[in-house]
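# Examination of the molecular architecture
The primary structure of each chain is shown beneath.
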Amino acid sequence: MQEPTLGDIAHQLSEIQQEIQSLEKRFDGLETEVKRWDERFFQLSRDNLNTARTIIITAGAAVILSPVLQAFAPAIQSIVSRLSGTGIGS
């Protein structure tokens, strides 16, 4: 078997350097994709938080306002009946 020459070693080093550059490019692409997925995940988390807040506020308002609406229901029904002229409930 023949000993490698300096030219052979230089060629191998050049090939290794090209492989490293290729891997770095692939890694950069992967890193960019991971950042995009992270941003998507955080945006989804923010959207879910906003939806949860809306549901909680709506449910709370319904619970708080329900007795008030029930108390005013006969008065509202009477007013609507008088305005429509049906006389139902009077």
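Our structure is the block above this text.
Residues numbered from 1 in each chain as written. Predicted model: local features only at pLDDT ≥ 70, side-chain atom pairs only at ≥ 80, totals over all residues. Heavy atoms only, no water.

The next point concerns the pattern of salt bridges. Applying the stated criterion across every chain, the model contains 2 salt bridges. For arginine 36, the salt bridge is made with glutamate 33, and the minimal N-O distance between the two is 2.3 Å. One end of the pair, arginine 36, and the other, glutamate 33, are both in helix 1 (residues 6-84), 3 residues apart, so they sit about a helical turn from each other. By relative accessible area, which is 27% here, glutamate 33 ends up partly exposed. Here arginine 46 makes a salt bridge to glutamate 39, at a shortest N to O gap of 3.0 Å. The exposure class of glutamate 39 is partly exposed, given its relative accessible area of 43%. (Salt bridge = Lys/Arg side-chain N within 4 Å of Asp/Glu carboxyl O. Helix = DSSP H or I, 4+ residues; strand = E, 2+ residues; numbered from the N terminus. Buried < 20%, exposed > 50% of the residue type's maximum accessible area, 1.4 Å probe, protein only.)

Moving on to the packing of aromatic side chains. The relation between two aromatic rings is expressed through the spacing of the ring centres and the mutual angle of the planes. Within the structure shown, the criterion is met by 1 aromatic pair. Taken together, a centroid distance of 5.4 Å and an interplanar angle of 65° make the contact between phenylalanine 41 and phenylalanine 42 edge-to-face. Residue classification places phenylalanine 42 among the partly exposed residues on the basis of a relative accessible area of 45%. (Phe/Tyr/Trp six-rings, centres within 6.5 Å; stacked < 30°, edge-to-face > 60°.)

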